[in-house]
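# Topology and contacts: notes
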Amino acid sequence: MPLWKRLMADDGSASLEFITAGVLLLVPLVYLVSALSLLQGAAFAAEGAARQAARVFVQSESIEQGAASAEQAVAIAFSDFGITDGIAPIEYSCDPLPDACLTRAGHVTVTVRVSVPLPLLPSFLGRENTGGIPFVATATQTVSRFHS
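Read on for a plain summary of the structure. Within each chain, residue numbers correspond to sequence positions counted from 1 in written order. For this predicted model, a pLDDT threshold of at least 70 governs which residues receive local features, and a threshold of 80 or more governs which side-chain atom pairs are given and counted, while totals over whole chains, interfaces and linings are taken from all residues. Only hydrogens and water are set aside; all other atoms, that is, all heavy atoms of the structure, feed into the side-chain values.

Before going further, it helps to spend a moment on the layout of surface pockets. When its volume is computed, the largest pocket comes out at roughly 150 Å³. A pocket here means an open set of points on a 1 Å grid, computed over the protein atoms alone, that has protein on both sides within 12 Å along at least five of seven lines. A cavity is instead a set of points where a 1.4 Å probe fits but cannot get out; residues with an atom within 4 Å of a point line either one. Residue lining of the largest pocket: 10 residues in total, with Leu 38, Gly 82, Ile 83, Val 116 and Pro 117 positioned closest to the centre. Residues of the lining of the largest pocket, tallied by class, amount to 6 nonpolar, 2 polar and 2 charged. Grid points are joined across faces, edges and corners, and a volume is the space filled by probe spheres set on the points. Classes in brief: Ala, Val, Leu, Ile, Met, Phe, Trp, Tyr, Cys and Pro nonpolar; Asp, Glu, Lys and Arg charged; the others, Gly included, polar.

What follows is the structure in structure tokens.
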């Protein structure tokens, strides 16, 4: 058989093509799935943290106790999803009296912010350059009209 016919033959190249194409398509797909699952978990954690923080705040006896309970609720919610870094301080706002958060039938709004870095980025880039994705969640709860 002439040399040019042997070079043009396709015998045995299907497995090589399958492995090459599989790796080229599978690696980005696995990274995409892992990144999206991490980001979806962060979104769920932020929403749950804000909701629980607002709930425990309005059930507290004092504003200081409410703030401490809300901080603890946020820490637990984020730790359930494995998020320990990038959590910003909780923001509170009260309606109708901004200075009295636990007014009967008043509303307490809690805002939680977190920044989650994308997975597998090298640490030498530094925290500010790792491409963190910010999440903001807000929840409002009404203080019971029977609150003492």
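Following the structure, the description resumes.
This next bit is on the sheet that holds strand E1 (residues 91-95). The criterion for strand pairing is that DSSP finds at least two bridges linking the strands in question. Helix numbers and strand numbers start at the N terminus; a helix is a DSSP run of H or I with at least 4 residues, a strand a run of E with at least 2. One open sheet holds the 3 strands; their spatial order is E1-E2-E3, and the pairing between them is antiparallel. Looking at the sheet topology across the chains shown, the edges are occupied by E1 and strand E3 (133-142). Averaged over all pairs of adjacent strands, the angle between their axes in this sheet comes to 15°, without regard to strand direction. The pairing of strand E2 (residues 107-116) with E3 spans 10 bridges and is classified as antiparallel. Bridge assignment links Thr 111 to a residue of E3, and that residue is Thr 138. Contacts between helix H2 (residues 14-58) and the sheet are confined to E1, E2 and E3, with E3 contributing the most and set at about 25° to the helix. Axis definition: a line fitted to C-alpha atoms, over the contacting stretch in the case of helices. Angles run 0 to 180 degrees between N-to-C directions. The contact criterion used is simple: two residues touch if any of their non-hydrogen atoms lie within 4.5 Å.

With that settled, the discussion passes to the state of the cysteines. Any two cysteine sulfur atoms within 2.5 Å of one another count as a disulfide. Within this structure, the stated rule accounts for 1 disulfide. Here Cys 94 connects covalently by a disulfide to Cys 101, the sulfurs 1.8 Å from one another. Taking the sign of the S-S torsion, about 75° here, the bridge from Cys 94 to Cys 101 comes out right-handed. Take Cys 94 and Cys 101: they sit in the same class, and that class is buried. Exposure classes here rest on a 1.4 Å probe applied to the protein chains alone. A residue is buried below 20% of its type maximum, exposed above 50%, and partly exposed in between.

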